[in-house]
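# Summary of the model geometry
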Amino acid sequence: MAVFYKLMQNTITNSKTNGKWYAHSAIVGTVGLKQMADVIQRNCSMKRSDVNAVLTELPEVMRDLMQQGYRVNVEGLGAFKFQVYSQGTDSVSEFNVQKHIKRVKVVFQPESEYDKASGTRAKYLTKGMSFADINSLAAKAALDQKAEEESGQQVEP
């Protein structure tokens, strides 16, 4: 499967890389729990309703465990944990949670696999990945649509 990208030019005037072109990931759509449940149902013996129930419950369970201080590892996907950002104080006694904690982020660490042959680690989610220009997808979709319209016009009811 290809990961789509589009080229964008750096237009920041005082940047050292102004004018250079860079690849940025391009999203072709969004998939929700229902669609994922459909795919999982096709790939295993569970019904979509069962899969949907489990997938719907997963975020709540992860939130509860992370709020209890756990790092949550989803095998084959990766690990999730909270990271706290705060303002510094001169002493422990000065620290006030409401005043000094500025934000909390969820940190995701993708699962990786060790490749003995190359001696490197590779992210499981990027295994077998290739790249394709998003413009080629748009061009292909336009050609497919045109061919469909032409074939529809030629066929008599």
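See the structure printed just above.
Residues numbered from 1 in each chain as written. Predicted model: local features only at pLDDT ≥ 70, side-chain atom pairs only at ≥ 80, totals over all residues. Heavy atoms only, no water.

### Observations regarding the overall build of the chain
As a reminder of what qualifies: Secondary structure elements are taken from DSSP: a helix is a run of H or I of four residues or more, a strand is a run of E of two residues or more, and numbering for both begins at the N terminus. Whether two residues touch is decided by their heavy atoms; if any such pair falls within 4.5 Å, the residues are in contact. The accessible surface values rely on the Shrake-Rupley method and a 1.4 Å probe; as for residues, cover is taken only from the protein chains in view.
When its secondary structure is counted, the chain shows 4 helices and 8 strands. Secondary structure elements of the chain occur, N-terminal to C-terminal, as β-β-α-α-β-β-α-β-β-β-β-α. Of the contacts formed within the chain by residues at least 6 apart in sequence, a portion of 32% connects residues at least 24 apart. Surface exposure of the chain reaches about 13100 Å², of which carbon and sulfur atoms provide 54%.

### Description of the pattern of salt bridges
Keep this limit in mind: A side-chain nitrogen of Lys or Arg and a carboxyl oxygen of Asp or Glu constitute a salt bridge if their distance falls within 4 Å.
Tallying each qualifying case throughout the model produces 4 salt bridges. A salt bridge links E113 to K127, with the shortest nitrogen-to-oxygen separation between them at 3.4 Å. Of this pair, E113 sits in strand β6 (residues 112-115) while K127 sits in the loop between β7 (120-123) and β8 (130-133); the two residues are 14 residues apart in sequence, bridging distant segments of the chain. One network of salt bridges, in which partners are shared, links K34, D38 and R48.

### A short note on the sheet that holds β8
Applicable threshold: Here, a strand pair is defined by DSSP locating no fewer than two bridges between the strands. Here the axes come from fitting lines to C-alpha atoms, over the contacting stretch only for helices, and the angles between their N-to-C directions go from 0 to 180 degrees.
Strand order in the open sheet formed by 3 strands is β2-β1-β8, with mixed pairing between adjacent strands. In this open sheet, the two edge strands, each paired with only one partner strand, are β2 (21-25) and β8. Averaged over all pairs of adjacent strands, the angle between strand axes in this sheet comes to 45°, irrespective of strand direction. In the sheet, strand β1 (residues 2-9) pairs with β2 via 5 bridges, with the strands oriented antiparallel. Looking at the pairing, L7 lines up with A23 of β2.

### Quick look at the side chain of H100
Along the chain, H100 turns up in helix α3 (residues 97-100). Excluding residues within four positions of it along the chain, H100 makes contact with Y85, S86, Q87, G88, T89, E94 and F95.

### Topic: the side chain of N10
As a reminder of what qualifies: Exposed residues in this analysis have more than 50% of their type's maximum accessible area, buried residues have under 20%, and partly exposed residues fall in between, with area computed by a 1.4 Å probe over protein chains only. Polar contact is defined as a pair of N or O atoms within 3.5 Å, subject to the rule that within protein one atom must be able to donate a hydrogen and the other to accept it, and that residues adjacent in sequence are counted only when both atoms are side-chain atoms.
Mapped onto the elements of the fold, N10 is located in the loop between β1 and β2. On the accessibility criterion, N10 (13% relative accessible area) is buried. There is a polar contact of 2.7 Å between the side chain of N10 and the side chain of T17. Leaving out residues up to four positions away in the same chain, N10 has contacts with S15, T17, N18, G19, K20 and Y22.

### Quick notes on the packing of aromatic side chains
Note the threshold: Side-chain rings of Phe, Tyr and Trp (the six-membered ring for Trp) are treated as a pair once their centres are within 6.5 Å; stacked means planes under 30 degrees apart, edge-to-face means over 60, and tilted covers the remaining angles. A ring is scored as having a charge over it whenever the NZ atom of a lysine or the CZ atom of an arginine sits within 6 Å of its centre and within 35 degrees of its normal.
A complete count under the given rule lists 1 aromatic pair for this structure. Ring centres of F80 and F108 lie 4.8 Å apart, and the angle between their planes is 40°; this geometry places the pair in the tilted category. Of this pair, F80 sits in strand β4 (residues 78-86) while F108 sits in strand β5 (residues 101-110), placing them 28 residues apart in sequence. In this structure, R103 packs its charged tip against the face of Y85, placed 4.2 Å from the ring centre.

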